[in-house]
Amino acid sequence: MIMAAAVEGQTAGTRAWPNAIRVAGVDIFHDLTAAEATWRSLETPQHSYTPYQRFDFLANWQRQVGEREGLRPFIVVAHDSERRPLLLLPLAVEQRLGASCAGFMGGKHATFNMALYDKDFAANATEADITALTGSIAERSRVDALVLCQQPLRWQDQPNPLALLPHQAAVNDCPLLVIEPGAAPAALISNSFRRRLKGKERKLQALPGYRYHVASDSTDVCRLLDWFFRVKPQRMAEQKLPDVFAEPGVEQFIRSACLAPRADGKGYAIDIHALECDEEVIAIFAGVSDGHRFSMMFNTYTMSANSKFSPGLILMRDIIDRHAGLNYRAFDLGIGSDEYKRLFCKDDEAIVDSFIPLSLRGKPAASALSAISRAKRAVKQNPALFEIAQNLRSMFR
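Being a predicted model, the structure only gives us computed values, none of them experimental.

Asks: Describe in detail the layout of surface pockets, supporting the description with residues and values.
Replies: For the second largest pocket, the calculated volume is near 710 Å³. In this structure, the second largest pocket is lined by 30 residues; those nearest its centre are Arg-262, Asp-264, Lys-266, Asp-290 and Gly-291. Listing elements by their share of the lining of the second largest pocket, those giving two or more residues are strand E3 (47–48), strand E14 (271–276) and helix H9 (311–325). In terms of residue class, the lining of the second largest pocket is built from 10 nonpolar, 11 polar and nine charged.

Asks: Residue-level account of the UniProt feature "domain: BioF2-like acetyltransferase" (unreviewed entry) in the chain, with values.
Replies: UniProt's entry tags residues 192–342 with the feature "domain: BioF2-like acetyltransferase" (unreviewed entry), counted in the numbering of this structure. Secondary structure content for residues 192–342 is 42% helix and 21% strand, while the C-alpha to C-alpha distance between its ends is 15 Å.

Asks: So what about the pairing of strand E6 (residues 99–104)? Which residues, and what values?
Replies: Of all six residues in E6, six are buried, a share of seventy percent or more. The antiparallel pairing of strand E5 (residues 85–96) with E6 creates a hairpin that spans two residues between the two strands, and Leu-97 there sits at a positive phi of about 55°. In this sheet, strand E8 (residues 145–152) lies alongside E6 in parallel orientation, the contact comprising three bridges. Along E8, the bridge assignment pairs Cys-101 with Ala-145.

So, how was this worked out
- Residues numbered from 1 in each chain as written.
- Predicted model: local features only at pLDDT ≥ 70, side-chain atom pairs only at ≥ 80, totals over all residues.
- Heavy atoms only, no water.
- 1 Å grid on protein atoms, 1.4 Å probe; cavity = no way out; pocket = protein on both sides within 12 Å on 5 of 7 lines; lining within 4 Å.
- Points joined across faces, edges and corners; volume = space filled by probe spheres on them.
- Helix = DSSP H or I, 4+ residues; strand = E, 2+ residues; numbered from the N terminus.
- Nonpolar A, V, L, I, M, F, W, Y, C, P; charged D, E, K, R; others polar.
- UniProt positions renumbered as here; feature names shortened; annotations may be inferred.
- Buried < 20%, exposed > 50% of the residue type's maximum accessible area, 1.4 Å probe, protein only.
- Pairing = 2+ DSSP bridges.

Written out as structure tokens, the structure is:
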């Protein structure tokens, strides 16, 4: 249901902050449509943001998943004294531990979370600016705490100003492949590993119509997604994992985002890369990109005998080589420590969380959520504890 435009703090811009502070106030929107024009105006080369914070990505998530989970949009636009937008925080509010908490839209489907920033502001923001931001949010809303998880410290060559807030290491880091300009193929993937993959690929190349491609039209997208939503549940069951794609609204969100054209005309909000032959889809990887970085979201591969030739690894190689050829500078396979990611991504990118109380009620909630996150990280960093946790999870599933 689309609400009438609801804005908290329309008068916040009248508050006079010291001259050294650029954040003069905030507007808070509870309606996607009301925020859309400003949001889209920040999706330009003059702004810093990740592909996970594009309007078409998060609006589809909120309408298909967020609303079903009872999350209410809480979109913060900070502006200067002339009401020029400095940043947009795409948040949603939910009740956690008895407190009203605002966290990034996108849930588990957004690998990285960040505001959309004016680049000049991002480069020069101070702790006083961020204090002014959180102070205005506290004054103009009933939110008890900000729960700002999975934030990069930088994006491309720009700092993330919200990293000026008190923060802690996130539950997981992000394995990363840095692509140097003009890097030789062996600098991205070793020659020995390439030879192994090439040997496996020869078996697939014998299949009629074998090819790698990126879905380029709606018919292609829908056909590949139909296959994905048939095969992925089988793969999840085989691994004794819960089918997260069966959760309410998730399939609708993915389908709508995969069909949402990017404003720059370069693909969709989510792009689908595939290995196919005439008889079947062999593997797909889907992710987001922005001309600088490709970030994987979801994948699966065939249940047929062709799976023994490592089609997922072959497809990852193809995606890396393609984006290196397009002068991309980074590639990741999502946050987490899965072994296959280390075959390609040798570096680690630090990811941080901030739990910021805005009220007396928010203090114990923020403290508890921070402690829970630290405990999860400790388990993930300790192989013995992680194995125990995995076994307990299997027992209670």
